[in-house]
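Structural features, examined
Residue strings, one per chain:
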Amino acid sequence: MKHQGYFTLNIATTRGCPYKCNWCAKPIYGNRYNSRSPERVVEEISFLIDKFGASYFWMCDDIFGLKPGWVQRFRDLVKERNLNFKYKIQSRADLLLQEDNIQALADSGLDTAWIGAESGSQKILDAMDKGTRVEQIFEATRLLQSKGIRVAFFLQFGYIGEKMEDIRKTIKMVLDAMPDEIGISVSYPLPGTKFYDKVKTDLIRKANWKDSDDLDMMFKNTYNKAFYRKLHIYVHNRYRIKKGWLSLKKLFGNPFKLNRRTIRDVAVMVYHFPRAIANQFLLNKYARQEP
């Protein structure tokens, strides 16, 4: 597989997750957390580079480098063996802010960090038992980007009790922090989770993956399914508009730095602007309808 011109392979360094997010798929794997040693992981990376020419790795753990000192030891081993590669991870904002984790990740070749941001509303994060603070999301994003690391947010809409105020806070968080990428889903009730137990009486017609997708609201919530499907598009509209505007501001500051990326961002902004207006109108319409 190719990623941004790199030959990419997947690696798992851990299995399981010790955190208590009440909607997460962890019941599938159990509550145990098992971690491979940095030595074994670096040995595997070295083999894959030498044998197959891999240069980019997707660390597909739920949370990369959770154990204290793990990423620092990983960094040291990568440097000792003079390995040259890039990789991306999934992590938590609070974990990234511990010790010198971000510096160690940067030194070992981290290219992109996907953060489970979920929501810009502390009320919703607390309801999810997420265990993170909105301020930590901002701080982790700022520090990662200051080291040249791309940041991506996982966002989740439609959790129980989410109101328009909470949705606005999430959109504001995205536009203020401006991660390099966003991924959006709606809250999905997985059997075995506390979240599922709270909404299972509403799962009348759709109780299987084959009956839905990751943007399909499966239980009765504040707003209807059409609202959440349109919200997904609207958030991308607003994000692309802001991204284009920032590129345009940079161009105004230095017109000689015009490049393909700037042209693309501005063109995408122009494309999304009228659609954002239309989709906001539809969102307001759907918000007034019965869920």
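Provided above is the structure to which this section pertains.
What this report covers is the structure whose coordinates are included nearby. (Residues numbered from 1 in each chain as written. Predicted model: local features only at pLDDT ≥ 70, side-chain atom pairs only at ≥ 80, totals over all residues. Heavy atoms only, no water.)

Description of the overall build of the protein
Spelled out, the test is: Strands are runs of DSSP state E lasting at least two residues, helices are runs of H or I lasting at least four, and both sets are numbered from the N terminus onward. All radius of gyration figures rest on C-alpha atoms, and the globule criterion is 2.2 Å times the number of residues raised to 0.38. Exposed residues in this analysis have more than 50% of their type's maximum accessible area, buried residues have under 20%, and partly exposed residues fall in between, with area computed by a 1.4 Å probe over protein chains only. Residues count as neighbours in contact if any of their non-hydrogen atoms are within 4.5 Å of one another. Areas reported here follow the Shrake-Rupley algorithm with a probe of radius 1.4 Å; residue values treat only the protein chains shown as occluding.
Regarding its fold elements, the protein presents 10 helices and nine strands. Relative to the globule expectation of 19 Å for 291 residues, the C-alpha radius of gyration of the protein, 21 Å, shows essentially globular dimensions. Expressed as lengths along the three principal axes of its C-alpha atoms, the size of the protein is roughly 60 × 55 × 35 Å. Here the protein, with 291 residues, has 49% of them falling under the buried criterion. For the protein, the proportion of contacts with a sequence separation of at least 24, taken over those separated by at least 6, is 74%. Roughly 15,200 Å² of accessible area belongs to the protein as shown, and the carbon and sulfur atoms make up 53% of that amount.

So, a nonpolar patch on the surface
For clarity, the cut-off: Patch membership is restricted to residues that have no salt bridge and whose relative accessible area is over 30%. Joining uses 9 Å for like charges and 5 Å for the nonpolar side chains Val, Leu, Ile, Met, Phe, Trp and Tyr. Whenever a carboxyl oxygen of Asp or Glu lies within 4 Å of a side-chain nitrogen of Lys or Arg, that contact is scored as a salt bridge.
On the surface, a cluster of nonpolar side chains totalling about 320 Å² of accessible area is made up of Trp245, Leu246 and Phe252. In this structure, tryptophan 245 sits in helix 9 (residues 225–253).

Things to note about helix 6 (residues 134–146)
The α-helix winds at 3.6 residues per turn, so residues separated by three or four positions along the chain end up facing the same way. This is how the line gets drawn: Helix span, as expected, comes to 1.5 Å for every residue beyond the first. To obtain the arc, one takes the directions from the helix axis to the C-beta atoms.
Helix length check: helix 6, at 13 residues, gives a terminal C-alpha distance of 19 Å against a target of 18 Å (1.5 Å per residue), a fit within 8%. Along helix 6, the residues that are buried comprise Val134, Ile137, Ala140, Thr141 and Leu144. Down the axis of helix 6, the buried set is contained in an arc of 125°. They therefore lie on one face. As for helix 6, its buried residues are in contact with helix 3 (93–96), helix 4 (101–107), strand 7 (110–118), helix 5 (122–127), strand 8 (150–157) and helix 7 (164–177). Glycine 148 sits one or two residues past helix 6 and shows a positive phi near 80°.

Observations regarding the pattern of salt bridges
In this structure the tally under the stated criterion is 16 salt bridges. Between glutamate 43 and arginine 81 there is a salt bridge, with its nearest N and O atoms 2.7 Å apart. Here the residue glutamate 43 occupies a position in helix 1 (residues 38–52), and arginine 81 occupies one in the loop between helix 2 (70–80) and strand 6 (86–91), the gap between them amounting to 38 residues. The exposure class assigned to glutamate 43 is partly exposed, which follows from its relative accessible area of 44%. With a closest N to O distance of 3.6 Å, aspartate 265 and arginine 264 form a salt bridge. With a relative accessible area of 9%, aspartate 265 lands in the buried category.

Quick word on the packing of helix 1 against helix 2
We count it as follows: In this analysis an axis means a line fitted to C-alpha atoms, helices contributing only their contacting stretch, and an angle means the value between N-to-C directions, from 0 to 180 degrees. Put simply, angles under 35 degrees are roughly parallel, angles over 145 are roughly antiparallel, angles from 65 to 115 are roughly perpendicular, and the rest are oblique. Left-handed describes a crossing whose near helix is turned anticlockwise from the far helix by less than a right angle; the clockwise case is right-handed. Basically, the charged four are Asp, Glu, Lys and Arg, the nonpolar ten are Ala, Val, Leu, Ile, Met, Phe, Trp, Tyr, Cys and Pro, and anything else, Gly included, counts as polar.
Relative to each other, helix 1 and helix 2 sit at 40°, their axes nearing to 9 Å. Put simply, helix 1 runs oblique to helix 2. Crossing angle aside, the handedness with which helix 1 passes helix 2 is right-handed. Side by side, helix 1 and helix 2 meet where Pro38, Glu39, Val41, Val42 and Ile45 of the first sit next to Trp70, Arg73, Phe74, Leu77 and Val78 of the second. Grouping the constituent residues of the contact of helix 1 with helix 2 by class yields eight nonpolar, no polar and two charged.

Some remarks on the side chain of asparagine 279
With respect to the element layout, asparagine 279 can be found in helix 10 (residues 260–287). Ignoring any residue separated from it by four or fewer positions in sequence, one finds asparagine 279 in contact with Lys230, Ile233, Tyr234 and Asn237.

A short note on the nonpolar core
Convention followed: Only buried Ala, Val, Leu, Ile, Met, Phe, Trp, Tyr and Cys residues count toward a nonpolar core, and they belong to the same one when joined by side-chain atoms within 4.5 Å.
Ranked by size, the top nonpolar core spans 73 residues in total, and within it Ile45, Phe57, Phe74, Tyr87 and Phe153 carry the most contacts. Ignoring sequence-local partners within four residues, the contact set of phenylalanine 57 consists of Thr8, Leu9, Ile11, Ile45, Leu48, Ile49, Phe85, Lys86, Tyr87 and Lys88.

Considerations on the pairing of strand 5 (residues 56–59)
What counts, and what does not: A strand pair is defined by DSSP finding two or more bridges across the two strands. Note on handedness: a clockwise path from strand one over the helix to strand two, with the strands aimed away from the viewer, defines a right-handed crossover.
Every second residue of strand 5 is oriented toward a common face, with Tyr56 and Trp58 on one face and Phe57 and Met59 on the other, all of them buried. Sheet topology places strand 5 next to strand 6; three bridges connect them, and they run parallel. By the bridge assignment, phenylalanine 57 is partnered in strand 6 with tyrosine 87. Traced from strand 5 through helix 2 to strand 6, the parallel crossover comes out right-handed.

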